[in-house]
Amino acid sequence: MLNSLGAKHRLCYDFRHQSEPEGFFAQNWLKSSRNCVIISLTNLNLMEEVTMDNKWTELYNAAKAVQNGREISDRVWAGGVAAAIESESGKIYVGVCVDTCSTLGICAERNAIFNMITNGEHKIKRVLAIMSDGKTGAPCGACRELMTQLTPGKYHDIEIMLDYENGKIVTLGELTPEWWI
Ligand SMILES: [Zn+2]
């Protein structure tokens, strides 16, 4: 469980409890970022964690697992960008970009969204995409548009990871404050 906290989280530690598992506190405190995991220890053997951002690590790992840029034919390239989205239920859906001639392809984000819809869901909580350079980035206008159309009036709260290394997160409402409809 401790390893699942990942390297990108800053700990908000309850100092009423002075003991912590050996090495745990020091290791994770040094790996600080803007993300925050709340830990409360009632004793050495019982740890209850309430995590706000562990899901970002899951999303990143899920996207990374399917990122595999390759040429499928002399007209089709795929997998250079990979996306993972968290739905309302907490499930993670992934997708990769498919680039073709004649605009038949799709962005990784929309591929992940279609995967979610295929599995019976349509409400998005978080979006993370790893670009071909290994960094995370914002969805294009078409992907933002699809997100707004899926949940008109409620899309503003969808969280988007802009910069995983530095924990920079924005909402779709910040990226796209005034939808055209
Ligand atoms: Zn897109």
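Refer to the structure printed above.
Residues numbered from 1 in each chain as written. Predicted model: local features only at pLDDT ≥ 70, side-chain atom pairs only at ≥ 80, totals over all residues.

S.K.: Sorry if this is basic, but what is going on with the overall build of the protein here?
M.R.: Tallying secondary structure elements over the protein gives five helices and nine strands in all. Reading the protein from its N terminus to its C terminus gives the helix and strand order β-α-β-β-α-β-β-β-α-β-α-β-β-α. Burial status across the protein gives 30% buried among its 181 residues. (Helix = DSSP H or I, 4+ residues; strand = E, 2+ residues; numbered from the N terminus. Buried ≥ 20, exposed ≤ 12 C-beta atoms within 10 Å, placed from the backbone.)

S.K.: How do you make sense of the environment of I117 when you look at a structure like this?
M.R.: Take I117: it is sitting in helix α3 (residues 108–118). We classify I117 as partly exposed; it has 14 C-beta atoms within 10 Å. Through-space distance from the C-alpha of I117 to that of L150 is 10.0 Å; in sequence the pair is 33 residues apart.

S.K.: Would you take a moment to explain the nonpolar core for this structure?
M.R.: If you look at soluble globular proteins, the nonpolar side chains tend to sit buried side by side. The biggest cluster of nonpolar side chains holds 33 residues, and the ones touching the most others in it are A63, A83, A84, I85, A108, A112 and L128. For this core, the secondary structure elements donating two or more residues are α2 (54–66), β5 (76–87), β6 (92–100), α3, β7 (124–130), α4 (141–150) and β8 (159–163). The biggest single contributor to this core is β5, with six residues. Setting aside anything within four residues of it in sequence, one finds A84 in contact with L59, A62, A63, I92, V94, A112 and L128. (Core = buried A, V, L, I, M, F, W, Y, C linked by C-beta atoms within 7 Å. Contact = placed C-beta atoms within 7 Å.)

S.K.: Before we go on, may I ask you to explain the environment of L175 in this structure?
M.R.: Inspection of the secondary structure assignment puts L175 in helix α5 (residues 172–175). L175 sits in the partly exposed class, given 16 other C-beta atoms within 10 Å. Between the C-alpha atom of L175 and that of A138, which follows or precedes it by 37 residues, the distance is 8.6 Å.

S.K.: Is there a simple way to explain the pairing of strand β9 (residues 168–171) in this structure?
M.R.: Consecutive side chains of a regular strand alternate in pointing toward one face of the sheet and then the other. Where β8 meets β9, four bridges bridge the pair, whose relative direction is antiparallel. What sits directly across from D163, in β9, is K168. In this antiparallel pair of consecutive strands, β8 and β9, the connection spans four residues, and G167 shows a positive phi of 65°. (Pairing = 2+ DSSP bridges.)

S.K.: Could you clarify how one ought to interpret α4 in this entry?
M.R.: Since the α-helix turns once every 3.6 residues, residues separated by three or four places project in the same direction. Among all positions of α4, only C143, R144, M147 and T148 are buried. All buried residues of α4 fall inside an arc of 140° around its axis, so they share one side. In α4, the exposed residues that point more than 90 degrees away from the buried face are G141, A142 and Q149. Tucked into the core, α4 has its buried residues touching α3, β7 and α5. (Arc of directions from axis to C-beta.)

S.K.: Could you clarify how one ought to interpret unusual backbone geometry in this entry?
M.R.: For residues that are not glycine, phi is negative in most cases, and the peptide bond is trans in most cases. Positive phi values are uncommon outside glycine, yet S102 reaches one of about 60°. Its location among the elements puts S102 in the loop between β6 and α3. Residue S102 is classed as exposed on the basis of its C-beta count, with 6 C-beta atoms lying within 10 Å.

S.K.: Looking at this structure, how should I read α2?
M.R.: Here α2 is 13 residues long and its end C-alpha atoms lie 19 Å apart, about the 18 Å a rise of 1.5 Å per residue gives. Considered for burial, the residues of α2 that qualify are W56, T57, L59 and A63. Projected down its long axis, α2 shows its buried positions confined to an angular sector of 160°, all on one face. (Expected span 1.5 Å × (residues − 1).)

S.K.: Would you take a moment to explain the pairing of β6 for this structure?
M.R.: Of the pairings in the sheet, the one linking β5 to β6 comprises eight bridges and is antiparallel in character. Bridge pairing in β6 places A78 opposite V98. In textbook terms, the turn of a hairpin is the stretch between consecutive antiparallel strands, and for β5 and β6 this stretch comprises four residues, one of which, G90, has a positive phi near 95°.

S.K.: Is there a simple way to explain the environment of E165 in this structure?
M.R.: Structurally, the position occupied by E165 is in the loop between β8 and β9. Among the residues examined, E165 registers 10 C-beta atoms within 10 Å and is labelled exposed. Taking C-alpha positions, E165 is 8.3 Å from T136, a pair spaced 29 residues apart along the chain.

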